[in-house]
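# Tertiary structure, described
Residues per chain, in single letters:
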Amino acid sequence: MIKELLIIAFKMVLVLGSSHEVHQTPFYIQAKPGETARINCSHSIQNYNVILWYKKSEDRQLQLLGYMYLDNKNPEPGVNVEMDGNAAKDQNCTLIIKDLSVNSSAVYFCAASYHSAAYYCSSVHKPSHHCFCNL
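A short tour of the structure in this document, coming up. Everything quoted here is computed from the prediction, not taken from an experiment. (Residues numbered from 1 in each chain as written. Predicted model: local features only at pLDDT ≥ 70, side-chain atom pairs only at ≥ 80, totals over all residues. Heavy atoms only, no water.)

## What to know about the nonpolar core
Counting 25 residues, the largest nonpolar core has Ile51, Trp53, Leu65, Val81, Leu95, Ile97 and Tyr108 as the members making the most contacts within it. When contributions to this core are tallied by element, the ones reaching two or more residues are strand S4 (28-31), strand S5 (37-43), strand S6 (50-57), strand S7 (62-69), strand S9 (81-85), strand S10 (93-97) and strand S11 (106-113). Residue contributions to this core peak at 4 residues, all from S11. Formed by 5 residues, the second largest nonpolar core is a distinct cluster that contains Leu52, Tyr54, Phe109 and Ala111. (Core = buried A, V, L, I, M, F, W, Y, C linked by side-chain atoms within 4.5 Å. Buried < 20%, exposed > 50% of the residue type's maximum accessible area, 1.4 Å probe, protein only. Helix = DSSP H or I, 4+ residues; strand = E, 2+ residues; numbered from the N terminus.)

So, in structure tokens, the structure goes:
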């Protein structure tokens with residue numbers, strides 16, 4: 001039986017120029033199956049108003065968990081996550097992973113993006129939160 005899950009995050013900041021950063025915290029999360037984990041993301045990029053959340057499993061498959069456009073939450077259908085906060089500059093956006101299980105073991109990361117149909121889209125990605133299962 002699984003006794004604990006351990007989510008480990010590496011503090012890495014991707015930079016566009018010298019002042020644009022995406023931050024993701026905490027560095028790691030230790031939790032038991034059935035519990036809830038929260039991962040925070042923020043950025044300092046003017047006019048970027050979307051935070052995208054991704055999960056990269058052990059088999060290296062990348063899965064979009066959902067995104068927030070300002071304070072509008074858009075989780076993907078069928079994923080066991082919620083989102084809270086705001087995707088604007090200097091705000092906090094939180095990924096809430098509910099009912100942790102072995103399948104929750106993965107790398108989690110966020111990306112900041114500019115959303116506009118009339119403007120070229122670009123993004124800044126923030127890798128990674130590792131989630132490991134202790135058996």
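Still to come is the rest of the account.
## With respect to the state of the cysteines
As enumerated under the stated definition, the model contains 1 disulfide in all. Disulfide pairing places cysteine 41 opposite cysteine 110 at an S-S distance of 2.0 Å. Torsion about the S-S bond of the cysteine 41 and cysteine 110 cystine: about 75°, corresponding to right-handed handedness. Taken as a pair, cysteine 41 in strand S5 and cysteine 110 in strand S11 lie far apart in primary sequence, 69 residues in all. Pair check on accessibility: cysteine 41 and cysteine 110 agree, each one buried. Looking at cysteine 93, it has no disulfide partner, and the nearest cysteine sulfur is the one in cysteine 41, 6.4 Å off. (Disulfide = S-S within 2.5 Å.)

## A look at unusual backbone geometry
Cis geometry marks the peptide bond from threonine 25 to proline 26; its omega dihedral reads 0°. Within the secondary structure layout, proline 26 lies in the loop between strand S3 (20-25) and S4. The backbone of aspartate 99 shows a phi angle near 50°, a positive value even though the residue is not glycine. Inspection of the secondary structure assignment puts aspartate 99 in the loop between S10 and S11.

Function-wise, these values are silent; they only describe arrangement.
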